[in-house]
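A closer look at the structure
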Amino acid sequence: GAVVSQHPSWVICKSGTSVKIECRSLDFQATTMFWYRQFPKQSLMLMATSNEGSKATYEQGVEKDKFLINHASLTLSTLTVTSAHPEDSSFYICSATKPLAPSEQYFGPGTRLTVT
Amino acid sequence: RKEVEQDPGPFNVPEGATVAFNCTYSNSASQSFFWYRQDCRKEPKLLMSVYSSGNEDGRFTAQLNRASQYISLLIRDSKLSDSATYLCVVNRLAYSGAGSYQLTFGKGTKLSVIP
């Protein structure tokens, strides 16, 4: 199997605060982890790609100083939404790939962020 | 033009009906193709891969036409449990290189199967 977990599953925070979301591969070492964002009735949009020990590659239009990604180990990547605003409220989903199967992604259950 | 486009939906069909979803993609460098299913407030889950030769998994049949960059999904004998949003997804090598792939998701088509 290939299980990916996310924590927390949902979070409500006040505008201006920062929120950290964790993504863990539970039974495999993840070569690469991806972070997506999904607004209501919209498709998943890739925010960034991260490889363990190196800087994340952000998609066009995603502010790297606002969405801090740390991929410190082969089983953990974190996304920190800094100075959150109501427009950052969204469903954040991570995925991970195994070393010998880079084309297959395993998704976490997602984190629903609401900024008030 | 969006990289992956799908029928806007929603599709409301009675139990037992056959329903077809269509999808087109714009990047001819796309390498692999999938249909995912996403339930409300949940992560997407892989339904099936799509091959040029066409492939079937029980009541689900997927087809790929590379020449016209078109992907389809057919669901026969719809069940209530088929109600979900169906996402057309294409996979390509990341522009950043390093051998990583990127998935691009369509907006999804919502299916409601009615008793």
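The shown structure was predicted, so the numbers you read here are calculated from the model rather than taken from an experiment.

Attention now goes to the overall build of chain B. Of regular secondary structure, chain B possesses zero helices and 11 strands. Reading chain B from its N end, one meets helices and strands in the order β-β-β-β-β-β-β-β-β-β-β. Relative to the compact-globule value of 13 Å for 115 residues, chain B shows a C-alpha radius of gyration of 14 Å, a close match. Here chain B holds 115 residues, and 46% of them are scored as buried. For chain B, restricting intrachain contacts to residue pairs at least 6 apart in sequence, the fraction spanning at least 24 positions comes to 56%. Accessible surface, chain B as shown: approximately 5,600 Å² in total, 50% of it carbon and sulfur. Across chain B, the centroid of the 13 positively charged side chains sits 5 Å from that of the 10 negatively charged ones.

Residues and elements named next belong to chain B. Judged by which residues are buried, strand S11 (residues 109-114) turns out to be one-sided: Thr109, Leu111 and Val113 face inward and are buried, whereas Lys110, Ser112 and Ile114, on the alternate face, are not. Alignment of strand S9 (residues 84-93) against S11, held across three bridges, turns out to be antiparallel. When the bridges of S11 are listed, Ala84 appears paired with Leu111.

All names here are of chain A. Relative to the elements of secondary structure, Thr17 occurs in the loop between strand S2 (10-13) and strand S3 (19-25). Overall, Thr17 belongs to the partly exposed group, its relative accessible area being 34%. Linking Thr17 and Thr82, residues 65 residues apart in sequence, is a C-alpha distance of 6.6 Å. Those residues in contact with Thr17, other than ones at most four positions away along the chain, are Val81, Thr82, Ser83 and Ala84.

Bringing the interface of chain B and chain A into the picture now. Tallying the contact residues gives 16 residues for chain B and 20 residues for chain A. Here chain B and chain A share an interface that buries about 1,500 Å² over both sides, 56% of which is from carbon and sulfur atoms. If you sort the residues of chain B by the area they bury against chain A, Tyr101, Phe105 and Lys107 of chain B come out on top, with a joint share of 30%. Linking chain B with chain A are zero salt bridges. Linking chain B to chain A there are two residue pairs in polar contact (both at pLDDT 80 or more). Elements with a minimum of two residues in the side of chain B that touches chain A: strand S4 (32-38), S9 and strand S10 (101-105) of chain B. A total of four residues in the side of chain B that touches chain A trace back to one element, the largest contributor, which is S10 of chain B.

For the rest of this paragraph, the subject is the state of the cysteines. On inspection of all chains with the given rule, the structure shows two disulfides over all chains. In this model Cys23 of chain A forms its disulfide with Cys94 of chain A; the gap between the sulfur atoms is 2.0 Å. Judged by the sign of its S-S torsion, about 80 degrees, the bond between Cys23 of chain A and Cys94 of chain A is right-handed. Here the residue Cys23 of chain A occupies a position in strand S3, and Cys94 of chain A occupies one in strand S9 (residues 90-98), the gap between them amounting to 71 residues. With respect to class, Cys23 of chain A is no different from Cys94 of chain A; both count as buried. Each sulfur in the disulfide pair Cys23 of chain B and Cys88 of chain B lies 2.0 Å from the other.

Here is what the cut-offs are and how they apply
- Residues numbered from 1 in each chain as written.
- Chains lettered and ligands numbered in written order.
- Predicted model: local features only at pLDDT ≥ 70, side-chain atom pairs only at ≥ 80, totals over all residues.
- Heavy atoms only, no water.
- Helix = DSSP H or I, 4+ residues; strand = E, 2+ residues; numbered from the N terminus.
- Rg over C-alpha atoms; globule rule 2.2 N^0.38 Å.
- Buried < 20%, exposed > 50% of the residue type's maximum accessible area, 1.4 Å probe, protein only.
- Contact = heavy atoms within 4.5 Å.
- Areas by Shrake-Rupley, 256 points an atom, 1.4 Å probe, with all protein chains shown as cover.
- Lys, Arg positive; Asp, Glu negative; His and termini not counted.
- Charge placed at Lys NZ, Arg CZ, Asp CG, Glu CD.
- Pairing = 2+ DSSP bridges.
- Buried area = accessible area lost by both parts, 1.4 Å probe.
- Salt bridge = Lys/Arg side-chain N within 4 Å of Asp/Glu carboxyl O.
- Polar contact = N/O pair within 3.5 Å; in protein donor to acceptor, adjacent residues only side chain to side chain.
- Disulfide = S-S within 2.5 Å.

All we've got here are geometric facts, nothing functional implied.
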